[in-house]
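A look at the structure
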Amino acid sequence: HVHWLGKLSCTLQDPCPLVFQTLLPARPCQNDGHCPGQEKCCSFAGGSACAPPIITNPACPNTDGKIGPCVELCSSDFDCPAGEICCSNGCGRMCISTEKPGSCSPPWMFSWCYNSCLRDSDCSENQKCCPTFWGLFCQEPYNPAI
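All of these numbers come straight from a predicted model, not from anything done at the bench.

Turning our attention to the overall build of the protein chain. Counting secondary structure elements, the protein chain contains zero helices and eight strands. Ordered by position from N to C terminus, the α and β elements of the protein chain give β-β-β-β-β-β-β-β. Taken across its 146 residues, the protein chain has 32% of its residues classed as buried. In the protein chain, 34% of the contacts between residues at least 6 apart in sequence involve partners at least 24 apart. Only carbon and sulfur atoms are counted for the fraction: they give 59% of the accessible area of the protein chain, which is about 9500 Å².

One non-glycine residue, Glu125, adopts positive backbone phi at about 45°. Relative to the assigned elements, Glu125 resides in the loop between β6 (93–97) and β7 (128–132). Accessibility expressed as a relative area gives 75% for Glu125, which makes it exposed.

What follows is about the state of the cysteines. Here the structure, examined in full by the defined rule, presents eight disulfides. The disulfide partner of Cys29 is Cys41, and the S-S distance across this bridge is 2.1 Å. With the S-S dihedral at roughly 95°, the linkage between Cys29 and Cys41 falls on the right-handed side. Here Cys29, found in the loop between β2 (19–22) and β3 (40–44), pairs with Cys41, found in strand β3; they are 12 residues apart in sequence, far enough to count as distant.

This brings us to the environment of Ser48. Here Ser48 lies in strand β4 (residues 47–51). Judged by its relative accessible area of 30%, Ser48 is partly exposed. Sequence spacing of Ser48 and Gln30 is 18 residues, and the spatial spacing of their C-alpha atoms is 6.7 Å. Those residues in contact with Ser48 that sit more than four places away from it in its chain are Arg27, Pro28, Cys29, Cys41, Cys42 and Ser43.

Applying the stated rule across the entire model yields three salt bridges. With a closest N to O distance of 3.2 Å, Arg93 and Glu72 form a salt bridge. Here Arg93, found in strand β6, pairs with Glu72, found in the loop between β4 and β5 (84–88); they are 21 residues apart in sequence, far enough to count as distant. The class of Arg93 is buried, set by a relative accessible area of 10%.

Procedures and definitions
- Residues numbered from 1 in each chain as written.
- Predicted model: local features only at pLDDT ≥ 70, side-chain atom pairs only at ≥ 80, totals over all residues.
- Heavy atoms only, no water.
- Helix = DSSP H or I, 4+ residues; strand = E, 2+ residues; numbered from the N terminus.
- Buried < 20%, exposed > 50% of the residue type's maximum accessible area, 1.4 Å probe, protein only.
- Contact = heavy atoms within 4.5 Å.
- Areas by Shrake-Rupley, 256 points an atom, 1.4 Å probe, with all protein chains shown as cover.
- Disulfide = S-S within 2.5 Å.
- Salt bridge = Lys/Arg side-chain N within 4 Å of Asp/Glu carboxyl O.

Below you can see the structure in the form of structure tokens.
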């Protein structure tokens, strides 16, 4: 038997999931201290219960002073298509692209054998995370001469 808990509303920076599905009845709570580990005491339509918090991806843009649509279109990166992550828009959550404009140059030799990045958002400013023959490395977007 699957138990579903749904929220009536959410607040800005709310770490609680919009919907929480569990195989066992959720543990009732009055505050975070009643919950095990990192779980949070979240208010759902059926009452308050312990639930795992939504962790904000550090690659998400800063939403200070910005408010987007107050809808929960995702609750984790797994809800998003490839190349997108689940981020707060200032009120709700939505999938956004982590790809920066431009393209990578053809793979090139690099003396170190490791990844200095995993996605464009790991790189500073307009740099992109690009493949080399020995891993991934941040570099300026490729602009071939025309």
